[in-house]
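So the chains spell out like this:
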Amino acid sequence: MYYVYVLRSLKNGKRYVGWTSEDPTVRLKQHRSGSTQWTKQNGPFELVYTEEHPDKALAIRRESVLKSGHGRQFLDVVIPR
């Protein structure tokens, strides 16, 4: 399984959208440890949304959608600030 996930920064409210083949809670722990430059600067985070997908291509495509204008609007509705 592959997962698309959304993190919210507890520091500034910004969202991070990503995909992973790992359990999203495991990936959250990696982000909390500062695994990327962006997460290092904007953490700590909470996991606010996940989707499960059967294949990698679908997860990557969905991640792209959630990063688009329509995807951000969708997230604004399903994840109130």
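Novice: Talk me through the sheet that holds strand β1 (residues 2-9); I want residue IDs and the actual numbers.
Specialist: Two modes of strand pairing occur in sheets, parallel and antiparallel, and in both the strands are linked by backbone hydrogen bonds. Read from one edge of the open sheet, 3 strands run β2-β1-β3, paired in antiparallel fashion. A single partner strand is all that each edge strand has here, and the edge strands are β2 (15-20) and β3 (45-53). Mean inter-strand twist for the sheet, computed between neighbouring axes without regard to direction, equals 20°. Pairing of β1 with β3, which is carried by 8 bridges, proceeds in the antiparallel orientation. Bridge pairing in β3 links Ser9 to Phe45. Packed onto the sheet, helix α1 (residues 24-32) meets β1, β2 and β3 and runs at close to 145° relative to β3.

Novice: For the packing of helix α3 (residues 56-67) against helix α4 (residues 69-78), give the residues involved together with the corresponding values.
Specialist: At their nearest, the axes of α3 and α4 sit 4 Å apart, and the two run at 80° to each other. Taken together, the axes of α3 and α4 are roughly perpendicular relative to one another. On α4, the residues that touch Arg62, Val65, Leu66 and Lys67 of α3 are Gly69, Gly71, Arg72, Phe74 and Leu75. The class makeup of the residues in the contact of α3 with α4 is 4 nonpolar, 2 polar and 3 charged.

Rules behind the numbers
Residues numbered from 1 in each chain as written. Predicted model: local features only at pLDDT ≥ 70, side-chain atom pairs only at ≥ 80, totals over all residues. Heavy atoms only, no water. Pairing = 2+ DSSP bridges. Helix = DSSP H or I, 4+ residues; strand = E, 2+ residues; numbered from the N terminus. Axes fitted to C-alpha atoms, helices over the stretch in contact; angles between N-to-C directions. Contact = heavy atoms within 4.5 Å. Parallel < 35°, antiparallel > 145°, perpendicular 65-115°, else oblique. Nonpolar A, V, L, I, M, F, W, Y, C, P; charged D, E, K, R; others polar.

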